[in-house]
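Spelled out from the first residue to the last, the chains are:
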Amino acid sequence: MAKIALRGLTKRFAAFTALNGIDLAIEPGEFVGLLGPSGCGKTTTLNIVAGFEEPTSGEVLLDGRSLRGVPASQRGMGIVFQSYALFPHLTVAENVAFGLEMRKIAKPARQQKVKEALDLVRLGHLADRYPRQLSGGQQQRVALARALAIEPALLLLDEPLSNLDAKLREEMQVEIRAIQRRVGTTTIMVTHDQAEALATCDRIAVMDAGRIVQLADPLTLYDAPTSHFAASFVGRSSQLKARIVSVEAGRCALRIDGVEAAVPGTAQPSLPAGSAVVIALRPEKVHLVPPGTGFLGGRLTSRVFQGSSWLFSVETAIGAVLSSEPHRGAPAFNEGDHVGLNWRPEDAAIIADTHHG
């Protein structure tokens with residue numbers, strides 16, 4: 001297991017800055033996701049770690065040793081590409097053996113490592129098949145076995161599940177996480193899919209415009225986003241403007257459209273009374289209650305059945321608020337009804353409002 005550190009990584013392509021000072025330390029055996037939209041810099045970061053790109057400044061350290069100038073072929077990293085990149089003219093076993101052959105591993109040892117890698121991904125029975133004879137999920141597992149067969153210091157996954165259908169993608173999330181835990185290889189995964197990152201990673205680095213805007217474990221990232229971008233990109237959220245009225249005894253009182261709510265200290269930002277803030281609310285933490293009760297009132301404008309849940313949109317005096325309730329039959333409220341909205345104070349994430357004083 002390897003420890004990897006990124007220090008001050010920047011990358012410029014002519015006038016475009018793809019990375020703007022990335023600092024990230026990954027512990028041995030940790031599974032870290034780089035999450036963000038297209039163009040945020042996550043793939044550029046992975047390419048620099050892999051050795052496919054050189055940074056404009058900064059460095060990558062593997063177990064304390066700088067990798068600057070070390071070619072990709074000598075970094076000892078296993079890589080699973082978005083397209084899987086399997087050789088169509090080679091069998092499954094031959095694909096997995098390819099990296100071992102390049103390292104001139106003797107045939108008996110090579111055959112044993114191939115068998116172990118295929119057993120790890122539960123594909124030993126398909127060793128003699130060709131990629132065209134496999135499903136997408138099976139091809140994905142072959143690519144993973146090939147990357148792991150060389151016993152890499154670091155495993156890099158580049159959008160590994162993006163070519164799979166939704167059901168198979170969910171199954172492979174569980175599979176990849178289970179395999180990574182069994183092997184214990186330090187892993188970095190690039191993805192734009194927040195559900196994929198939440199399901200598989202120990203920690204997630206949310207990236208935007210070449211920077212890491214939040215680094216946290218999945219639960220903290222989801223429940224306590226620290227920026228507008230993280231709250232919006234990772235799952236759904238409603239964001240309400242508010243102001244801190246007072247801070248006292250580890251609690252802060254907020255005013256939301258004339259309604260005051262006490263928020264426990266765990267959610268309290270390091271901001272003084274009078275500060276403008278935004279409250280980010282996850283839909284499943286917001287509940288519909290009879291009109292005249294709850295923190296806010298509004299009119300139910302849409303009600304969408306999603307199988308296991310209902311998603312409601314309520315128009316209030318300060319904008320639309322989403323609410324999600326588990327499906328237990330037809331909901332009590334219909335479109336057009338006036339309703340109240342309620343949530344536990346500790347379920348509100350408080351974010352500094354940088355656009356208003």
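Residues numbered from 1 in each chain as written. Predicted model: local features only at pLDDT ≥ 70, side-chain atom pairs only at ≥ 80, totals over all residues. Heavy atoms only, no water.

*Asks:* Sorry if this is basic, but what is going on with the overall build of the protein here?
*Replies:* Per the secondary structure count, the protein includes eight helices and 20 strands. Along the three orthogonal principal directions, the C-alpha set of the protein runs to about 75 × 50 × 40 Å. The buried share of the protein, taken over its 357 residues, is 48%. Considering only intrachain contacts with a sequence separation of at least 6, the fraction spanning at least 24 residues in the protein is 67%. In the form shown here, the protein has an accessible surface area of approximately 16,400 Å², with 52% of it arising from carbon and sulfur atoms. Here the protein carries 37 positive and 36 negative side-chain charges, and the mean point of each set is 5 Å from the other. (Helix = DSSP H or I, 4+ residues; strand = E, 2+ residues; numbered from the N terminus. Buried < 20%, exposed > 50% of the residue type's maximum accessible area, 1.4 Å probe, protein only. Contact = heavy atoms within 4.5 Å. Areas by Shrake-Rupley, 256 points an atom, 1.4 Å probe, with all protein chains shown as cover. Lys, Arg positive; Asp, Glu negative; His and termini not counted. Charge placed at Lys NZ, Arg CZ, Asp CG, Glu CD.)

*Asks:* Sorry, what's going on with helix α1 (residues 42–50) here?
*Replies:* For the α-helix, the turn length of 3.6 residues means that residues three or four positions removed from each other point alike. For α1, the buried fraction is high: seven of the nine residues fall into the buried class. Just downstream of α1 lies G51, where phi reads positive at about 100 degrees.

*Asks:* Explanation requested: the packing of aromatic side chains in the structure shown.
*Replies:* Aromatic rings considered in pairs are described by the distance between their centres and by the relative angle of their planes. What the rule picks out here adds up to five aromatic pairs. Note on F87 and F98: the rings are 4.7 Å apart at their centroids and 55 degrees apart in plane angle, and the pair reads as tilted. Within this pair, whereas F87 is found in the loop between β6 (77–80) and α2 (92–102), its partner F98 is found in helix α2, the two being separated by 11 residues in sequence. F98 sits in the partly exposed class, given a relative accessible area of 30%. Ring geometry for F229 and F233: centres 5.5 Å apart, planes at 10 degrees, overall stacked. Separated by four residues within a single helix, F229 and F233 lie in helix α8 (residues 228–233), roughly one turn from each other. Owing to a relative accessible area of 23%, F229 belongs among the partly exposed residues under this scheme. What makes F233 partly exposed here is its relative accessible area of 21%. (Phe/Tyr/Trp six-rings, centres within 6.5 Å; stacked < 30°, edge-to-face > 60°.)

*Asks:* Which parts of the structure should I look at to understand the pattern of salt bridges?
*Replies:* Close approach of charged atoms lets side chains of opposite charge pair. Applying the stated rule across the entire model yields 16 salt bridges. Salt-bridge contacts for E53 lead to K11; the nearest nitrogen and oxygen are separated by 3.7 Å. Of this pair, E53 sits in the loop between α1 and β4 (57–62) while K11 sits in strand β1 (residues 4–13), and the two are 42 residues apart along the sequence. Since its relative accessible area comes to 26%, E53 is described here as partly exposed. A relative accessible area of 11% places K11 in the buried class. (Salt bridge = Lys/Arg side-chain N within 4 Å of Asp/Glu carboxyl O.)

*Asks:* Just to check I follow, could you spell out unusual backbone geometry for this structure?
*Replies:* Leaving glycine aside, a negative phi is the common case for residues, and trans is the common case for peptide bonds. One non-glycine residue, A14, lies in positive phi territory at about 55 degrees. Note that A14 resides in the loop between β1 and β2 (16–26). Phi at D63 is positive, roughly 50 degrees, even though this residue is not glycine. Examined against the element boundaries, D63 turns out to sit in the loop between β4 and β5 (65–66).

*Asks:* Before we go on, may I ask you to explain the sheet that holds strand β17 (residues 309–316) in this structure?
*Replies:* By definition, the strands of a sheet pair up through backbone hydrogen bonds, in either a parallel or an antiparallel sense. The antiparallel open sheet is built from five strands, whose spatial order is β15-β19-β16-β17-β18. Two strands in the sheet have a free side with no partner beyond their single neighbour: β15 (287–289) and β18 (319–326). If you compare each strand with its neighbour and ignore which way they point, the axes differ by 45 degrees on average. Direction of pairing for β17 relative to β18: antiparallel, over a ladder of eight bridges. Bridged to W310 within β18 is E325. (Pairing = 2+ DSSP bridges. Axes fitted to C-alpha atoms, helices over the stretch in contact; angles between N-to-C directions.)

*Asks:* Where do I start with the pairing of strand β8 (residues 186–191) in this structure?
*Replies:* Moving residue by residue along a regular strand, the side chains alternate between the two faces of the sheet. Buried residues dominate β8, accounting for six of its six residues. Of the two faces of β8, the one lined by T186, I188 and V190 and the one lined by T187, M189 and T191 are each fully buried. Sheet topology note: the strand β3 (residues 31–35)/β8 ladder contains five bridges and is parallel. Along β8, the bridge assignment pairs G33 with M189. Bridge count for strand β7 (residues 154–158) against β8 is five bridges, and the pairing is parallel. In the strand pairing of β8, L156 is matched with I188. With helix α5 (residues 166–183) bridging β7 and its parallel neighbour β8, the resulting β-α-β unit is right-handed. (Right-handed = clockwise from strand over helix to strand, strands pointing away.)

*Asks:* Help me understand the sheet that holds β1, please; the structure alone is not making it clear to me.
*Replies:* With antiparallel pairing, four strands are arranged side by side in an open sheet as β2-β1-β4-β5. Of all strands in the sheet, those bounded by a partner on one side alone are β2 and β5. Where β1 lies against β2, eight bridges are found, and the strand directions are antiparallel. Counted as the bridge partner of A5 is A25 from β2. Relative to β1, α1 is tilted by about 115 degrees, and along the sheet it contacts β1, β2 and β4.

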